[in-house]
Amino acid sequence: MAVDLLLGLQWGDEGKGKIVDVLTKNYDIIARFQGGPNAGHTLEFDGIKHVLHTIPSGIFHKNSMNIVGNGVVIDPVIFKKELEALNKYDIDIKSKLLISRKAHLILPTHRLLDAASETAKGKAKIGSTLKGIGPTYMDKTGRNGMRIGDLELSDWKEKYRALANKHEAMIGFYNVDIQYDLKELEAEFFDSINTLKVLSFIDSEEYLYQAQKEGKKILAEGAQGSLLDIDFGTYPYVTSSNTTAAGACTGLGIAPNQIGEVKGIFKAYTTRVGSGPFPTELFDKDGETMGRVGNEFGATTGRPRRCGWLDLVALKYAVQVNGVTELMMMKGDVLSGFKKLKICTAYNYKGKTISHLPYNIEAENVAPIYTEMKGWSQDLTKMTKAVELPNELNAYIDFLEKELEVPIKIVSVGPDRTQTIHR
Ligand code: IMP
């Protein structure tokens, strides 16, 4: 049985949590393959809003198993808080959540290093969520990291000490003013590790291989978005993992020929949180309206998101790099009320019209070229069927499907599970 993927196609915050939650009933296993608590996957049902950072979005469904894969980086402190937030629900966490032994641990000093690195960058800062993601992946690829499986060994605290000491020396090297009390941070960290240890640590690649052989349906859940991919994103303003389809292979141990559907999620417009180029960014009333109506604030950091028109050049690139087979358009409801909608279909790049994403999309090189479409005024949030959608929205969708050559199977018209239109 092939493994399906679900990925964000823009700069993250596309609404992956909601869609995984909607789709979970079709899957036996939901597996996160990269990123860490920099992610904030929001799910809303029965009038309650839930934000998950590391735990896969299938956790609320009775019959699904949830795996945190080897490609994920885990902060035990945040993980503990996530588990505590789930305590009030009737979820048998111990039997529904498994963690890969090969996933890497975020240490308190990784977070401090993140802060030191960002501070030292000054104006050139990435706008990191400061969750220690970059330094943890650096230790992973530098072959210095600590993994979940290390916690099963008797000498893990010595390993921890050696790495933390090295980090402290590195923080000194940055020569910036970072205030911290490591003793306090460590007490919290060790306490959280005890909580983490209550869960089962597994060889998740083996588990998933056997599950596939048994015909179990698996959905690999991505975090962040394609334009934040360490290789294909807007480097260096990216995260430190492969957020694109290939990341699911390395982050779970799934062979490339075992990938089935690639479900790509995008917003009907574009947002970005943190620094970095954003060709269609708006600084006017339209951008302000998108942010306000779309409640565009980071689920992890609370930062306001930058907003702009849909960038089809960037979206095409993401569809191409991921081999997307099905699209899901989120937040269609937020565009209700705009008289005219714009879609960026090409860039003016250093005086030439181009329709692909160039190496450098900084504002001084790239100006968006727009196609205008008619807007709609109807409130979509109570609509439940595709036939109810306004003609102008159908024209918007048809245009995108034609350009992207991939069908749009879901149109989301609100944050709740029920506000989902299947086409
Ligand atoms: P980091 O991964 O926390 O170091 O952040 C690097 C960049 O990716 C920053 O611009 C963040 O705002 C952005 N980023 C990281 N995680 C997310 C996410 O889940 N959604 C949106 N942006 C993210």
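The shown structure was predicted, so the numbers you read here are calculated from the model rather than taken from an experiment. (Residues numbered from 1 in each chain as written. Predicted model: local features only at pLDDT ≥ 70, side-chain atom pairs only at ≥ 80, totals over all residues. Heavy atoms only, no water.)

> I'd like a description of the overall build of the protein, backed by residues and values.
Summing up its helical and strand segments, the protein has 12 helices and 20 strands in all. Whereas a compact globule of 423 residues would reach a radius of gyration of roughly 22 Å, the protein reaches 21 Å, a difference of no more than 12%. Considering only C-alpha atoms, the protein reaches an extent of 65 × 50 × 40 Å along its principal axes. Here the protein holds 423 residues, and 57% of them are scored as buried. Taking all contacts inside the protein whose residues are at least 6 apart in sequence as the whole, residues at least 24 apart take part in 77%. Taking the average place of the 52 positive charges on the side chains of the protein and the average place of its 53 negative ones, the gap between the two points comes to 1 Å. (Helix = DSSP H or I, 4+ residues; strand = E, 2+ residues; numbered from the N terminus. Rg over C-alpha atoms; globule rule 2.2 N^0.38 Å. Buried < 20%, exposed > 50% of the residue type's maximum accessible area, 1.4 Å probe, protein only. Contact = heavy atoms within 4.5 Å. Lys, Arg positive; Asp, Glu negative; His and termini not counted. Charge placed at Lys NZ, Arg CZ, Asp CG, Glu CD.)

> Explain unusual backbone geometry to me, and be specific about the residues and the numbers.
Comment: phi is negative for the bulk of residues other than glycine, and the bulk of peptide bonds are trans. Omega for the peptide link from Tyr 235 to Pro 236 comes to 5°, which places this bond in the cis form. Relative to the assigned elements, Pro 236 resides in the loop between strand S10 (218-221) and helix H9 (245-252). In this model, Asn 295 sits at a positive phi of 50°, which is unusual for a non-glycine residue. Here Asn 295 is to be found in the loop between helix H10 (285-293) and strand S13 (306-308). The exposure class of Asn 295 is partly exposed, given its relative accessible area of 45%. For Lys 331, which is not glycine, the phi torsion reads 60° and is therefore positive. Relative to the helices and strands, Lys 331 resides in the loop between strand S15 (326-330) and strand S16 (340-349). Residue Lys 331 is classed as partly exposed on the basis of its relative accessible area of 22%.

> Go over the pairing of strand S7 (residues 97-100), please, and point to the residues and values.
What you see with S7 is no split at all: Leu 97 and Ile 99 on one side and Leu 98 and Ser 100 on the other are buried throughout. Of the strand pairs in this sheet, strand S5 (residues 65-68) and S7 are connected by 3 bridges, and their pairing is parallel. Pairing of Asn 66 across the sheet is with Leu 97, part of S7. Where S7 lies against strand S9 (residues 200-202), 3 bridges are found, and the strand directions are parallel. Across the sheet, residue Leu 98 finds its bridge partner in S9, namely Ser 200. (Pairing = 2+ DSSP bridges.)

> Hey, could you go over the sheet that holds S9 for me, with residue numbers and the actual values?
With mixed pairing, 10 strands are arranged side by side in an open sheet as S9-S7-S5-S2-S10-S1-S11-S15-S19-S20. Sheet topology places S9 and strand S20 (420-422) at the edges, where each strand pairs with a single neighbour. Averaged over all neighbouring strand pairs, the angle between strand axes comes to 25°, with direction disregarded. With 5 bridges connecting them, strand S11 (residues 259-267) and S15 associate as parallel partners. Residue pairing for S15: Lys 267 is matched across the bridge by Met 330. (Axes fitted to C-alpha atoms, helices over the stretch in contact; angles between N-to-C directions.)

> So what about empty space enclosed by the protein? Which residues, and what values?
Tallied over the full model, the rule gives 1 cavity of 30 Å³ or more. Contributing to the lining of the largest cavity are Gln 10, Trp 11, Leu 227, Thr 270, Asp 311, Ala 314 and Leu 315. Here the residues of the lining of the largest cavity are counted per class, giving 4 nonpolar, 2 polar and 1 charged. (1 Å grid on protein atoms, 1.4 Å probe; cavity = no way out; pocket = protein on both sides within 12 Å on 5 of 7 lines; lining within 4 Å. Points joined across faces, edges and corners; volume = space filled by probe spheres on them. Nonpolar A, V, L, I, M, F, W, Y, C, P; charged D, E, K, R; others polar.)

> Go over the packing of helix H11 (residues 312-322) against helix H12 (residues 391-404), please, and point to the residues and values.
Packing of H11 against H12 brings their axes to within 10 Å, and their N-to-C directions diverge by 50°. Between H11 and H12, the angle is such that the two are oblique. Between H11 and H12 lies a crossing of right-handed hand. Of the residues in H12, those in contact with Leu 312, Leu 315, Lys 316 and Val 319 of H11 are Phe 399, Leu 400, Glu 403 and Leu 404. Each residue belonging to the contact of H11 with H12 can be placed in one class, and the counts come to 6 nonpolar, no polar and 2 charged. (Parallel < 35°, antiparallel > 145°, perpendicular 65-115°, else oblique. Left-handed = near helix turned anticlockwise from the far one by under 90°.)

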